Amino acid sequence: MLLDPHIHTQGISHCSRCPADVLVDTCVRDKIDAIVLTNHYKHDYYGEDSKFPEWRAKYIEEYFITKEIGEKNGLKVFFGLEVTLDENKRIDYVIYGLPETVAAEAPPLCLFTQKELFEYCVAHNALLYQAHPYRRGTLPQDPQYLHGVEINCHPVYNYNDAKEVREFAKEHSLKLSCGSDYHGDTYKPHCGIYVPDDIKDTVELAEFLRRPEQCELEVHDIFPDWREKYQRGQILTK
């Protein structure tokens, strides 16, 4: 099945224009079989430390809302996170394999360093990928504290940096992923990774991604004139 491992809903990610039901409908129309809901997880979203537990509970609740809607419409929804660390707010990391039950009790992960976040993931059998390296001049982070890097196909950035990401992954023996980073502000890029149909949750997904073999990618080449076509309603999906 084709799984989009980087996607957002409006209920948590302030920059997303997609409520859970709209997101599910869009993914189904795009012939995506499964997604990892990787809503933004950052200090700015909860502010004061005292408000973190309430925000964390809302973060988990948004996953279950989306999962329930997905189940009714034939879309598998797995739990994930996109964490922005306080140490560098231009860099984002996506986490696969961390159960929602563990995340519901986790300390504020955005306060960790990259090394600490990596070690936390390893301790919980989860995987840490850097999201969209090279975007807007950012660079890949320390590869010894990464399991993988992502080719990101969000059209608003006009270029998916696939060549550069592939070269970095090869140089440092890292896994590759490919995601849309869909926020509802562009057409839905048709992209993702191919995984077995019988994967049931984020833990099984991480087990599959941990294999020595690189999973097959579906990489989307961004339309050079997508803005005009999208504004005219000529494209919604690939």
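Provided above is the structure to which this section pertains.
Now for a quick tour of the structure. Computed from a predicted structure; not experimentally measured.

### Description of the overall build of the chain
Inference 1: Secondary structure assignment for the chain yields eight helices and 10 strands.
Inference 2: By the compact-globule yardstick of 18 Å for 238 residues, the chain fits well, its C-alpha radius of gyration being 17 Å.
Inference 3: Its C-alpha atoms give the chain principal-axis dimensions of about 45 × 40 × 35 Å.
Inference 4: Counting only residues that meet the buried cut, the chain has 54% of its 238 residues in that class.
Inference 5: Across the chain, contacts joining residues at least 24 apart in sequence account for 72% of those joining residues at least 6 apart.

### Quick notes on the environment of Leu128
Inference 1: Residue position: Leu128 is located in strand S6 (residues 127-130).
Inference 2: In this structure, the C-alpha to C-alpha distance between Leu128 and Gln114, residues 14 residues apart in sequence, is 9.5 Å.
Inference 3: When sequence neighbours within four positions are dropped, the list of residues in contact with Leu128 reads Tyr93, Val94, Ile95, Gln114, Leu117, Phe118, Cys121, Tyr145, Leu146, His147 and Gly148.

### Here we look at the nonpolar core
Inference 1: With 72 residues, the main nonpolar core has Tyr41, Leu81, Val83, Ile95, Leu109, Leu117 and Leu209 as its most contacted residues.
Inference 2: Setting aside residues no more than four positions away along its own chain, Tyr41 makes contact with Phe52, Trp55, Tyr59, Leu81, Glu82, Val83, Thr84, Pro107, Pro108, Leu109 and Cys110.

### Side note on the packing of aromatic side chains
Inference 1: All told, the structure shown has 16 aromatic pairs when counted by the stated rule.
Inference 2: Taking 5.5 Å as the distance between ring centres and 75° as the angle between the ring planes, the aromatic pair formed by Tyr41 and Tyr59 counts as edge-to-face. Taken together, the residues Tyr41 in strand S3 (residues 40-41) and Tyr59 in helix H3 (residues 52-72) connect sequence positions 18 residues apart. The pair formed by Tyr41 and Tyr59 is uniform in burial state, with each residue classed as buried.
Inference 3: Measuring from ring centre to ring centre gives 5.0 Å for Tyr187 and Phe223, while their planes differ by 25°; the resulting arrangement is stacked. Remark: Phe223 occurs in the loop between strand S10 (217-218) and helix H8 (226-231) and Tyr187 occurs in the loop between strand S8 (175-179) and strand S9 (192-194); sequence separation between them is 36 residues.
Inference 4: Using a relative accessible area of 0% as the deciding quantity, one classes Tyr187 as buried.
Inference 5: Feature note: the residues Tyr41, Tyr46, Phe52, Trp55, Tyr59, Tyr63, Phe64 and Phe79 constitute an aromatic cluster, connected by ring pairs.

### Examining the environment of Pro224
Inference 1: Among the structural elements, Pro224 can be located in the loop between S10 and H8.
Inference 2: Since its relative accessible area comes to 83%, Pro224 is described here as exposed.

### Examining helix H1 (residues 20-29)
Inference 1: Considered for burial, the residues of H1 that qualify are Ala20, Leu23, Val24, Thr26 and Cys27. All buried residues of H1 lie within an arc of 165° about the axis, which places them on one face of the element.
Inference 2: Among the structural elements, strand S1 (2-7), strand S2 (34-37) and H3 are those in contact with the buried residues of H1.
Inference 3: The positive-phi residue at the C-terminal boundary of H1 is Lys31, with phi of around 60°.

### A short note on the side chain of Lys175
Inference 1: Among the secondary structure elements, Lys175 is positioned in strand S8.
Inference 2: Of the buried charged residues, Lys175 lacks a salt bridge, with Glu213 as the closest side chain of opposite charge at 6.2 Å.
Inference 3: A polar atom in the side chain of Lys175 sits 3.1 Å from the backbone oxygen of Glu213.
Inference 4: In this view, Lys175 contacts Tyr129, His147, Gly148, Val149, Leu209, Arg211, Pro212, Glu213 and Gln214; residues no more than four positions away in its chain are not counted.

### Focus: the packing of H1 against H3
Inference 1: Relative orientation of the contacting elements H1 and H3 amounts to 45°, with a least axis distance of 9 Å. Classified by the angle between their axes, H1 and H3 sit oblique to one another. As H1 packs across H3, the resulting crossing turns out to be right-handed. Mapping the contact onto sequence places Ala20, Asp21 and Val24 in H1 and Glu62, Ile65, Thr66, Ile69 and Gly70 in H3.
Inference 2: Here the contact of H1 with H3 is built from residues that sort into four nonpolar, two polar and two charged.

Rules and cut-offs
Sequence order as written defines residue numbering, which begins from 1 separately in each chain. Local features in a predicted model are, by the rule used here, given only for residues with pLDDT of at least 70; side-chain atom pairs are given and counted only at 80 or more, and totals for whole chains, interfaces and linings are based on all residues. Hydrogen atoms and water are omitted, and side-chain values are computed over all heavy atoms in the structure. Runs of E in the DSSP output that reach at least two residues are strands. Runs of H or I that reach at least four are helices, and both are numbered from the N terminus. Radius of gyration here is computed from C-alpha atoms only, and the compact-globule reference equals 2.2 Å multiplied by the residue count raised to the power 0.38. Burial status follows relative accessibility: with a 1.4 Å probe on protein chains alone, a residue under 20% of its type maximum counts as buried, one over 50% as exposed, and anything between as partly exposed. Here, residues are in contact when the closest pair of their heavy atoms is within 4.5 Å. Residues belong to a common nonpolar core when they are buried Ala, Val, Leu, Ile, Met, Phe, Trp, Tyr or Cys residues joined through side-chain atoms within 4.5 Å. Between rings of Phe, Tyr and Trp, where Trp is taken as its six-membered ring, a pair exists when centres lie within 6.5 Å; planes separated by under 30 degrees are stacked, by over 60 edge-to-face, and by other angles tilted. What the arc measures is the spread of directions leading from the helix axis to the C-beta atoms. Counted charges follow a simple rule, with Lys and Arg positive, Asp and Glu negative, and His plus the chain ends left uncounted. The salt bridge definition used is simple: a Lys or Arg side-chain nitrogen within 4 Å of an Asp or Glu carboxyl oxygen. What qualifies as a polar contact is a pair of N or O atoms within 3.5 Å, subject to a donor-acceptor requirement within protein and to the restriction that residues adjacent in sequence count only when both atoms come from side chains. What counts as an axis is a line fitted to C-alpha atoms, over the stretch in contact for a helix, and the angles between N-to-C directions run from 0 to 180 degrees. Put simply, angles under 35 degrees are roughly parallel, angles over 145 are roughly antiparallel, angles from 65 to 115 are roughly perpendicular, and the rest are oblique. By convention, the crossing between two helices is left-handed when the near helix turns anticlockwise from the far helix through less than a right angle, and right-handed when the turn is clockwise. Each residue is assigned to one class: nonpolar for Ala, Val, Leu, Ile, Met, Phe, Trp, Tyr, Cys and Pro, charged for Asp, Glu, Lys and Arg, and polar for all the others, Gly among them.

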